[in-house]
Structure formats: structure tokens, C-alpha cells
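Survey of secondary and tertiary structure
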Amino acid sequence: MATTNKVRMGIAGLVVSAAAFVGILTREGYSDGVIIPTKGDFPTIGFGTTGGVKAGDRTTPVKAAQRALLDVRTYEGAVKSCVRAPMTQAEYDVYVDLTYNIGSTAFCSSTIVKRLNVGDYRAACDAILLYRFAAGYDCSTPGNRRCAGLWTDRQRSHAQCVAAQ
């Protein structure tokens, strides 16, 4: 999700980049059936879709990608509804990706949004690292085998966000 354009613009005109969408699909991974990523977590299918997922559901890669695109559009709407600060394309991509993972309500009520809306972009990036828990477990715990991937993902998002500054 690298960008050479570090100009911040109003987010109303931004849409998630193709690179960010592919990144979401890659990060989430594909499953044709329902899985529960971490004990106590929401069941997912396809590329991390949670809405309306029921035990026994099945999907195909094409249908899952189409659903993921609809989900991304929903999460873009959430980012656009709660963030008033202008962003670079790279920042926008990071925050839509994060919202895809933590959900609209969590993102819009987050420290990240509060910091963005006062123009403290670096502190907003740093707040990404606050989202290190899965089902009540701190995924940043050294030696963690339960949800280390979540912590790795937060560190990746943080680094991409900082690089976008």
C-alpha cells in the first residue's frame, strides 16, 4: 500500500485502492466454509466476512471476493462518517483495512478517530497498536501462540500508517 502521493485530501473523494483491497484479501485468507479464527471470536467465511454467517455456510472464491468488496464499501462508509480530517490515500487505506478487521463501531468510537479529528496523525497511527486484543486476550504477549497474527498485523498497519506521514 505504498504511495508516492502524500497530499492529504478530503476523504469524501477517496476510495480504497486496489492494492489495499488485495492486501485485505491476502491478510484475511480464504475459507470456503465457516471458521472461528480465535476462541470467542466471530465466525467468518470467505475473506473474513462476519455478517450473517451461520454454521454450515459455504462460498466460492468469486462470491467471497464480491462479498468482501461490499464489506469494504460498508467500512469505507464508516470511516467517511466519523473522520473529519483529510488523509492521504495510504492513510485512508490503512484505516479502512483496520475497520474491516475491528468493525465500524469500534473504529468510530476509537482513540484513533479522536486523534485524527484533531489533526494528530502520528498519535492516530500509534493508537492502532491499542487494538491488540482478541476475545479478551492480549495478542502482543511475548511467545503468544493464540493470536500472534493479530499483533503482527497491527504492527504492519502501524508501520504503513507512519510511512504515510
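Our subject is the structure listed above.
Residues numbered from 1 in each chain as written. Predicted model: local features only at pLDDT ≥ 70, side-chain atom pairs only at ≥ 80, totals over all residues. Heavy atoms only, no water.

Considerations on the overall build of the protein
- Secondary structure assignment for the protein yields seven helices and four strands.
- Its helices and strands in sequence order give the protein the pattern α-β-β-α-α-α-α-α-β-β-α, from N to C terminus.
- In summary, the protein has a C-alpha radius of gyration of 16 Å against a globular reference of 15 Å for 165 residues, a match within 12%.
- If you line up the protein on its principal axes, its C-alpha atoms span 45 × 35 × 25 Å. (Helix = DSSP H or I, 4+ residues; strand = E, 2+ residues; numbered from the N terminus. Rg over C-alpha atoms; globule rule 2.2 N^0.38 Å.)

Notes on the state of the cysteines
- According to the stated counting rule, one finds three disulfides in the structure shown.
- A disulfide bridge connects cysteine 125 with cysteine 161, and the sulfur atoms are separated by 2.0 Å. Residues cysteine 125 and cysteine 161 share a disulfide whose torsion about the S-S bond is about -70°; that sign makes it left-handed. Pair noted here: cysteine 125 is in helix H6 (residues 121-127) and cysteine 161 is in helix H7 (residues 148-163), with a separation of 36 residues, a long-range link. Residues cysteine 125 and cysteine 161 agree in their burial class; the two are buried.
- What pairs with cysteine 139 in a disulfide is cysteine 147, and their sulfur atoms sit 2.0 Å apart. (Disulfide = S-S within 2.5 Å. Buried < 20%, exposed > 50% of the residue type's maximum accessible area, 1.4 Å probe, protein only.)

Considering unusual backbone geometry
- Positive phi values are uncommon outside glycine, yet alanine 135 reaches one of about 50°.
- Position of alanine 135 relative to the elements: it lies in the loop between strand E3 (133-134) and strand E4 (137-138).
- When its relative accessible area of 44% is taken as the criterion, alanine 135 is described as partly exposed.

Description of the pattern of salt bridges
- All told, the structure shown has 13 salt bridges when counted by the stated rule.
- Linking glutamate 28 and arginine 27 is a salt bridge whose minimum nitrogen-to-oxygen distance equals 2.7 Å.
- The class for glutamate 28 is partly exposed, based on a relative accessible area of 25%.
- The partly exposed category is assigned to arginine 27, whose relative accessible area is 23%. (Salt bridge = Lys/Arg side-chain N within 4 Å of Asp/Glu carboxyl O.)

Regarding the environment of arginine 145
- In this structure, arginine 145 sits in the loop between E4 and H7.
- Spatially, the C-alpha atom of arginine 145 lies 23 Å from that of glycine 46, the residues being 99 residues apart in sequence.

Concerning the packing of aromatic side chains
- Following the criterion strictly, the structure yields three aromatic pairs and no others.
- Their ring planes at 40° and their centres at 6.0 Å tell us that tyrosine 95 and phenylalanine 107 sit as a pair that is tilted. Taken as a pair, tyrosine 95 in helix H3 (residues 89-102) and phenylalanine 107 in helix H4 (residues 104-108) lie far apart in primary sequence, twelve residues in all. Like phenylalanine 107, tyrosine 95 is buried.
- Positioned above the aromatic ring of tyrosine 121 is the side chain of arginine 8, whose terminal nitrogen or guanidinium carbon lies 3.5 Å from the ring centre. (Phe/Tyr/Trp six-rings, centres within 6.5 Å; stacked < 30°, edge-to-face > 60°. Lys NZ or Arg CZ within 6 Å of the ring centre and 35° of its normal.)

Points about the layout of surface pockets
- The computed volume of the largest pocket comes to approximately 890 Å³.
- The wall of the largest pocket is formed by 33 residues, among which Glu28, Pro37, Asp41, Asn101 and Leu150 lie closest to the centre.
- Those elements that provide at least two residues to the lining of the largest pocket are helix H1 (18-28), strand E1 (31-35), strand E2 (44-46), H3, E3 and H7.
- Its residues assigned to classes, the lining of the largest pocket comprises 14 nonpolar, 13 polar and six charged. (1 Å grid on protein atoms, 1.4 Å probe; cavity = no way out; pocket = protein on both sides within 12 Å on 5 of 7 lines; lining within 4 Å. Points joined across faces, edges and corners; volume = space filled by probe spheres on them. Nonpolar A, V, L, I, M, F, W, Y, C, P; charged D, E, K, R; others polar.)

So, H3
- Its 14 residues give H3 an end-to-end C-alpha distance of 20 Å, which sits within 8% of 20 Å, the value for a rise of 1.5 Å per residue.
- With respect to burial, H3 is a largely interior element, eleven of its 14 residues being buried.
- Among all positions in H3, only Ala90, Glu91, Tyr92, Asp93, Val94, Tyr95, Val96, Asp97, Leu98, Thr99 and Tyr100 are buried. (Expected span 1.5 Å × (residues − 1).)

From the geometry alone we can't say anything about function, so treat these as descriptive.
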